[in-house]
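Okay, here's what each chain looks like letter by letter:
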Amino acid sequence: MPLWTIHHTPGFFTAEGKRELARSITDHYEKAGLPRFYVVVIFNETRSGDLYVGGEQTDTALRVVIDHIARRAADKDHRHRIAHWIKSILSPYLEAHDNPHWEFHVDETSEDLWMINGLIPPSMGSDAEKRWVADNAVSAY
């Protein structure tokens, strides 16, 4: 379950930009074999006066916190590919601003502490997971 929590200053995204970014993120994970409903994107607009970097107020900024639970990167090369993909998906939104401060990080959380609608998600590649992908919905297995 990828959870993207996107903290941003006002005006960083339009409503359509948020929809486009959330869809692009979801499309990527679907291509990797995850059900679309695993992907959650939360936009948190943070007033400019409430966002500080290095102790200084920052007027144009983006901070993305990503939790990966359903899958883990196999090695350093895979993690670098993920980081470059994240950078590429954010780039169009960054380029719309003059020198914004931006950063992201990815945490890989244990899937043993994860449930959806009271169910422990099925194992990767299992028939149950394939059904969840096809149905785009949680179901008992």
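From a predicted model like this one, the values you see are computed outputs, not experimental measurements. (Residues numbered from 1 in each chain as written. Predicted model: local features only at pLDDT ≥ 70, side-chain atom pairs only at ≥ 80, totals over all residues. Heavy atoms only, no water.)

A. Spatial organisation of the side chain of Ser 139. Locating Ser 139 in the fold gives a position in the segment after α3 (127-135). Of note is the side chain of Ser 139, whose polar atom sits 3.3 Å from the side chain of Arg 131. In contact with Ser 139, not counting residues within four places along its chain, are Leu 119, Arg 131 and Trp 132. (Helix = DSSP H or I, 4+ residues; strand = E, 2+ residues; numbered from the N terminus. Polar contact = N/O pair within 3.5 Å; in protein donor to acceptor, adjacent residues only side chain to side chain. Contact = heavy atoms within 4.5 Å.)

B. Focus on the nonpolar core. Counting residues in hydrophobic clusters, the biggest one holds 29 residues, and the most contacted among them are Trp 4, Ile 6, Phe 13, Leu 21, Tyr 29, Leu 62 and Leu 90. Within the residue set of this core, elements represented by two or more residues are β1 (3-8), α1 (15-31), β5 (61-68) and α2 (76-94). With seven residues, the single largest contributor to this core is α2. Setting aside its immediate chain neighbours within four residues, Leu 62 contacts Ile 6, His 7, His 8, Phe 12, Phe 13, Leu 90, Leu 94, His 101, Trp 102 and Glu 103. (Core = buried A, V, L, I, M, F, W, Y, C linked by side-chain atoms within 4.5 Å. Buried < 20%, exposed > 50% of the residue type's maximum accessible area, 1.4 Å probe, protein only.)

C. Region of the structure containing the UniProt feature "domain: Tautomerase cis-CaaD-like" (unreviewed entry) in the protein chain. In the numbering used here, UniProt assigns the "domain: Tautomerase cis-CaaD-like" (unreviewed entry) feature to residues 1-136. In the segment residues 1-136, helix accounts for 33% and strand for 24%; the C-alpha atoms at its two ends are 13 Å apart. (UniProt positions renumbered as here; feature names shortened; annotations may be inferred.)

D. Spatial organisation of unusual backbone geometry. Positive phi, normally seen in glycine, also occurs at Asn 99, with a value near 55°. Assignment of secondary structure puts Asn 99 in the loop between α2 and β6 (101-108). A relative accessible area of 70% means that Asn 99 is categorised as exposed. The phi torsion at Asn 117 lies on the positive side, around 50°, for a residue other than glycine. As for its position among the elements, Asn 117 is in the loop between β6 and α3.

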